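Residue-level listing of the chains:
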Amino acid sequence: MLALLAVMMLIAAACSEPSESSTSSTTDTPTTTTTPATGPTSPPTTTPPPSQERLDALAALPGQLAVGRGSALVLVDPDGANAIELDGSEPGVAATQPVWSNSGARLAWSRTSAEGHELVVLDPASAGETTVPLPGPTAYYLQWTFNDSGLAYLRDGTSEPGVELGVAPVGGSATPLAITAPLYFSWAPRSPTLALHLTNERMIVIDAALDIGPGEDIPAVAVVEETGDFTAPAWVDDTTLLGLTDAGLALIDVLSGRTTVLVEADGPVQFVLSPDRERVAYAVPGSNAGLSLASIDLAQGEANTPAGLNVIDLGSGRMQQVSASAPATWEWSPDSQQLAFLDVDFANLPIRAQWNFWNGVEASQVPPHYPSQKVAQAYLPFFEQYTQSLHRWSPDSSAFAYAGRVDPEALAPSVWVHLIGSDEAPTPIVTGDLATWSP
């Protein structure tokens, strides 16, 4: 039985929300390319205005974007029109960590004000707002339950040092479930079940129904007692987890404990499961298949894990290489047919990055940019967790949004929208340092 996990270890890097000023937009260049990704090129400085056809295409895109502007949160259409200030524009108020419900009908975020901390849930259609008080530290990561009835959250521990995991039903009260560090989690796709990866050593599954009361014991099932080096687990279905064991990247049956190794590995592996839960994109951090043979052996390790970014089909076992080098982050399109991945040059500050889009055969690139400070510091280091709740892709998989500057001297970052397959450069639609698209 598990009451409240407590391990006296601090997480190596806290998820913070650095602010950026928001006073001007930036520019970009006019072309995309279809060459293999080899790292970001030099950023451009000018761009022609978008064509009317382009503006019409942006206006026709589905959904809405929640855009962060430092401590403020704004709701906009995909072309930047109809901007509505939601929260955080008042002095002393901060609205961070926006996350759309699975249905796209509601938006939640973390609010900090002089009155304290709380979770906010908004129905944009009706403008109805519900809050859940969070006494103690603010939440810095949110994820909706499978049926959108509530959220799980992470924040600094309230009763012990470490990271606290809690659950909060919409309109109810928050209940802490575990404190340890590091701590990552994932909701099962069709049940109130949480998979937790604790202290980089073991995974457990708990029944996390939202009616759990404070102090109640929580049934726990140990899944893997000795895990490999990874962050967030992922659910293939309600009884099968994807995670890293001491043998490598594996499918784990939570009922029997049986594991099926997909990729042998004796070191860290980063992975993101496709939305249809049929393929997984994975990489060994820092690996590069373009290095010398000796370097490849070193990067792959004794288990001979393939270098770069690769995709494996869970049904057939077929493997494809997407990029020779391991990117900094990657995200599947909602239709599971495309993969966006970000090459980052960490050699200089501010860091320079370039988005690539793989269609199953080849990858195209958009011009490079400088990611916003918020994205670089609070999101990229924890991307495997954030890909389970943050959506840069449009719901129809035809467009992609990201935040940053093209000119590093620009006063503020912008949100850029790229139409997949278009020869025109991404279009800046609004000033902002973070964007997440409604599903």
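### Concerning a negative patch on the surface
Negative charge collects at one region of the surface, where E201, E225, E226 and D246 lie side by side. Looking at the secondary structure, you find E226 in the loop between strand 16 (220–224) and strand 17 (234–237). A residue is classified by how much of its surface remains accessible, and E226, at 55% relative accessible area, is exposed.

### Side note on the packing of aromatic side chains
Taken as a whole and assessed by the stated rule, the structure comprises 9 aromatic pairs. Considering the side-chain rings of Y141 and F185, the 5.6 Å spacing of their centres and the 70° angle between planes classify their relative orientation as edge-to-face. Residue Y141 is found in strand 9 (residues 139–144), and its partner F185 is found in strand 13 (residues 183–187); the two are separated by 44 residues along the sequence. Owing to a relative accessible area of 0%, F185 belongs among the buried residues under this scheme. Pairwise contacts between aromatic rings join Y141, F185, Y379 and Y386 into one cluster.

### Some thoughts on the sheet that holds strand 22 (residues 279–283)
Taken together, 4 strands build an open sheet; the order of strands is 21-22-23-24 and the sheet is antiparallel. The open sheet has two edge strands, strand 21 (270–273) and strand 24 (319–323), and neither has a second partner. Ignoring which end each strand starts from, the neighbouring axes of this sheet average 25° apart. Examined bridge by bridge, strand 22 and strand 23 (residues 309–313) share 5 bridges and lie antiparallel to one another. Looking across to strand 23, one finds that Y282 is bridged to N310.

### Here's the deal with the side chain of R54
Along the polypeptide, R54 turns up in helix 1 (residues 52–59). Of the polar contacts made by the side chain of R54, one reaches the side chain of S422; its length is 3.2 Å. Those residues in contact with R54 that sit more than four places away from it in its chain are V417, H418, L419, S422, E424, A425, P426 and T427.

### Examining the nonpolar core
Formed by 43 residues in total, the largest nonpolar core has its most connected members in L154, L165, F185, L194, L196 and W355. In terms of residue count, strand 13 provides more of this core than any other element does, 4 residues in total. Those residues in contact with L154 that lie beyond four places of it in its chain are A139, Y140, Y141, V163, E164, L165, L183 and F185. By size, the runner-up hydrophobic cluster in this structure holds 26 residues, among which are V205, L242, L251 and I312.

### Some points on the pattern of salt bridges
As enumerated under the stated definition, the model contains 8 salt bridges in all. R155 is the salt-bridge partner of E164, the closest N and O atoms lying 2.9 Å from each other. Accessibility expressed as a relative area gives 5% for R155, which makes it buried. Between D433 and K374 there is a salt bridge, with the nearest N and O atoms lying 3.1 Å from each other. Taken together, the residues D433 in the loop between strand 32 (427–431) and strand 33 (434–437) and K374 in helix 3 (residues 373–379) connect sequence positions 59 residues apart. Summarising the burial analysis for this pair, D433 and K374 share the class buried. If you follow the salt bridges from partner to partner, you end up with D87, R111, E118 and E129 in one network.

### Side note on the sheet that holds strand 32
On the basis of which strands lie adjacent, the open sheet formed by 4 strands has the order 29-30-31-32 and antiparallel pairing. The sheet is open, and its two edges are formed by strand 29 (370–371) and strand 32, each paired on a single side. Taken together, the 4 bridges between strand 31 (residues 414–419) and strand 32 define a ladder with antiparallel strand orientation. Within strand 32, the position partnered with V417 by the bridge is T427.

### As for the side chain of N356
Looking at where N356 falls in the secondary structure, it is placed in strand 27 (residues 352–358). Judged by its relative accessible area of 0%, N356 is buried. Here the side chain of N356 touches Q365 through a polar contact of 3.1 Å, side chain to side chain.

### Quick notes on the confidence of the model for the protein
In this model, the protein carries an average pLDDT of 86, and 83% of its residues clear a pLDDT of 70 or more. Confidence drops under pLDDT 50 across residues 1–38; counting only partners more than four residues distant or on other chains, this segment forms 140 contacts. Taken as a whole, residues 291–303 scores under 50 in pLDDT and shows 14 contacts with residues more than four places along the chain or in a different chain.

### Comments concerning unusual backbone geometry
Trans peptide bonds make up most of the peptide bonds, and negative phi angles are found at most residues other than glycine. Cis rather than trans, the peptide bond between A181 and P182 has omega equal to -10°. Its location among the elements puts P182 in the loop between strand 12 (175–180) and strand 13. A positive phi angle, near 60°, is found at R277, a position not held by glycine. Inspection of the secondary structure puts R277 in the loop between strand 21 and strand 22. Positive phi outside glycine occurs at S336, with the angle close to 65°. As for its placement among the helices and strands, S336 is situated in the loop between strand 25 (329–332) and strand 26 (339–345).

What counts, and where the lines are drawn
- Here the residue numbers are simple positions, counted from 1 along each chain's written sequence.
- Note on the predicted model: pLDDT of at least 70 is required for a residue's local features to be given, and 80 or more for side-chain atom pairs to be given and counted; whole-chain, interface and lining totals, by contrast, use all residues.
- Here the side-chain values reflect all heavy atoms present in the structure, with hydrogen atoms and water set aside.
- Residues enter a patch when their relative accessible area is above 30% and they make no salt bridge; the linking distance is 9 Å between like charges and 5 Å between nonpolar side chains (Val, Leu, Ile, Met, Phe, Trp, Tyr).
- In this description, accessible areas are obtained by the Shrake-Rupley approach with a 1.4 Å probe, and a residue is regarded as covered only by the protein chains that are shown.
- Within this document, salt bridges are pairs made up of a side-chain nitrogen of Lys or Arg and a carboxyl oxygen of Asp or Glu, the two lying within 4 Å of each other.
- For the charge count, each Lys or Arg is scored as positive and each Asp or Glu as negative, with His and the chain ends excluded.
- Lysine's charge is taken at NZ, arginine's at CZ, aspartate's at CG and glutamate's at CD.
- Working definition: helices are DSSP H or I runs of at least four residues, strands are E runs of at least two. Numbering for both runs from the N terminus.
- Using a 1.4 Å probe on the protein chains alone, a residue whose accessible area is under 20% of its type maximum counts as buried, one over 50% counts as exposed, and one in between counts as partly exposed.
- The aromatic pairing rule takes the rings of Phe, Tyr and Trp, using the six-membered ring of Trp, and pairs them if the centres are within 6.5 Å, calling planes under 30 degrees apart stacked, those over 60 edge-to-face and the rest tilted.
- Two strands pair under a simple rule: DSSP has to find at least two bridges between them.
- Axes here mean lines fitted to C-alpha atoms, for a helix over just the part in contact, with angles spanning 0 to 180 degrees between N-to-C directions.
- Distance and chemistry together define a polar contact, namely a pair of N or O atoms within 3.5 Å, with one atom able to donate a hydrogen and the other to accept it when in protein, and with adjacent residues in sequence counting only for side-chain atoms on both sides.
- Note on contacts: a residue pair is in contact if any heavy atoms of the two residues lie within 4.5 Å.
- We call a set of buried Ala, Val, Leu, Ile, Met, Phe, Trp, Tyr and Cys residues a nonpolar core when their side-chain atoms join them within 4.5 Å.
- A residue's pLDDT is the confidence the predictor assigns to it, expressed on a 0 to 100 scale.

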